[in-house]
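# Close look at the chain arrangement
Listed below are the residues making up each chain.
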Amino acid sequence: DIKLYAPVIENVFSHYDIPYYVDMRKKIYHYAPVRAVVLLMEISRGAYTIDDITELMKTGCVPISDDDVSMLENYAAEYGIKAYRFKRDFDFDPGGAYDLERLNRARKILIDFIDKFVSGNNSAATEGERIIHVSGFIKSNLKKIFSANITMASQNGEYERANAYIQIYNKLLDIMQGAYELYKD
């Protein structure tokens, strides 16, 4: 079973700078940009939780820094912030532990990112239009994330990972195209 030996192969070969390839299948949902699209579609349905918001932030697909993600997550946990509360400025910090200006800047970027997806998705009159919107969002917003992951993996010699991201991006667009063909009329 390759799953048992893959970590050992990775450690040993990486240690000696030996190029290698381990063919292991990974479900498409495990890739951050795919999870981001799924979460955004869930959020656009209106019934979402703070866990959905937190998971979306942690995909790395929202244009905010990891530090800001941690700060938003910690603030929400500490003060019991619910998902709907992200729509308004955060103004409660009795201990002064948070930089509220920075926190609200990151919160606004997050909400604008979500709203950009949700407004286009919800304004679509047909499933075909919704699919066109999602495809456009992937191309204009998530392609940068895929490209950054591909570049980083390639620079680190993780060619398998880089190739996986290329395949996932193309597969995601293929799925959108197939869905559009089903619903275009």
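Chains are numbered independently. Their residues run from 1 in the order of the written sequence. With pLDDT at 70 or above as the cut-off, local features in this predicted model cover only qualifying residues; side-chain atom pairs require 80 or more to be listed or tallied, and sums for whole chains, interfaces and linings still use all residues. Derived side-chain values reflect all non-hydrogen atoms in the structure, with water molecules and hydrogen atoms excluded from consideration.

### Focus on helix α5 (residues 100-123)
Basically, it comes down to this: Note on conventions: DSSP H or I runs of at least 4 residues are helices, E runs of at least 2 residues are strands, and numbering of each starts at the N terminus. Residue count minus one, scaled by 1.5 Å, sets the expected span of a helix. Exposure is judged per residue with a 1.4 Å probe applied to protein chains only, and the accessible area is read against the type maximum: over 50% gives exposed, under 20% gives buried, and values in between give partly exposed. Should any heavy atoms of two residues lie within 4.5 Å, those residues are considered in contact.
In this model α5 runs 33 Å from its N-terminal to its C-terminal C-alpha over 24 residues, within 8% of the 34 Å that 1.5 Å per residue would give. Within the sequence span of α5, burial applies to L103, N104, A106, R107, L110, I111, F113, I114, F117, V118, G120 and N121. Those residues of α5 that are buried lie in contact with α2 (32-44), α3 (50-58), α4 (66-79) and α6 (127-155).

### Considering the environment of I9
Within the secondary structure layout, I9 lies in helix α1 (residues 2-15). Through-space distance from the C-alpha of I9 to that of S119 is 46 Å; in sequence the pair is 110 residues apart.

### Some remarks on helix α7 (residues 159-183)
Taking 1.5 Å per residue as the helical rise, α7 with its 25 residues ought to reach 36 Å, and the 36 Å between its terminal C-alpha atoms agrees with that figure. Those residues of α7 that sit buried are A162, A164, Y165, I168, Y169, L172, L173, M176 and A179.

### Quick word on the packing of α2 against α5
Operational definition: Axis definition: a line fitted to C-alpha atoms, limited for helices to the stretch in contact. Angles are taken between N-to-C directions and run from 0 to 180 degrees. Any angle between 65 and 115 degrees counts as roughly perpendicular, while under 35 counts as roughly parallel, over 145 as roughly antiparallel, and the rest as oblique. Definitions for this section: a left-handed crossing has its near helix turned counterclockwise from the far helix by less than a right angle. A right-handed crossing has that turn clockwise.
Between α2 and α5, the least distance of the axes is 9 Å, while the angle of their chain directions is 65°. Between α2 and α5, the angle falls in the class roughly perpendicular. Seen from above, α2 lies across α5 with right-handed handedness. Contacts between α2 and α5 involve L40, M41, I43 and S44 from the first element and F113, I114, F117, V118, N121 and N122 from the second.

### Focus: the packing of aromatic side chains
Defined as follows: In this scheme Phe, Tyr and Trp rings, the latter by its six-membered ring, pair at centre separations within 6.5 Å, and the angle between planes marks the pair as stacked below 30 degrees, edge-to-face above 60, and tilted otherwise.
In this structure the tally under the stated criterion is ten aromatic pairs. Each member of the aromatic cluster is reached from another via a ring pair, and the members are Y75, Y79, F86, F90, F92 and Y98.

### A closer look at the environment of A148
Position of A148 relative to the elements: it lies in helix α6. Sequence-wise, A148 and A162 are 14 residues apart; in three dimensions their C-alpha atoms are separated by 9.8 Å.

### As for the pattern of salt bridges
When the charged atoms of two side chains with opposite charge come close together, those side chains can pair. The following threshold applies: Whenever Lys or Arg places a side-chain nitrogen within 4 Å of a carboxyl oxygen from Asp or Glu, that contact is recorded as a salt bridge.
Tallied over the full model, the rule gives eleven salt bridges. Between R85 and D91 there is a salt bridge whose closest N-O contact spans 3.6 Å. Owing to a relative accessible area of 60%, D91 belongs among the exposed residues under this scheme.

### Considering the side chain of D68
The condition is simple: Any pair of N or O atoms that falls within 3.5 Å is considered a polar contact. Within protein, one atom must be able to donate a hydrogen and the other to accept it, and sequence-neighbouring residues count only if both atoms are side-chain atoms.
Topologically, D68 is positioned in helix α4. Residue D68 is classed as buried on the basis of its relative accessible area of 13%. Of note is the side chain of D68, whose polar atom sits 2.6 Å from the side chain of R102. Dropping the residues within four chain positions of it, D68 is found in contact with R102 and A106.

Keep in mind these values describe shape, not function.
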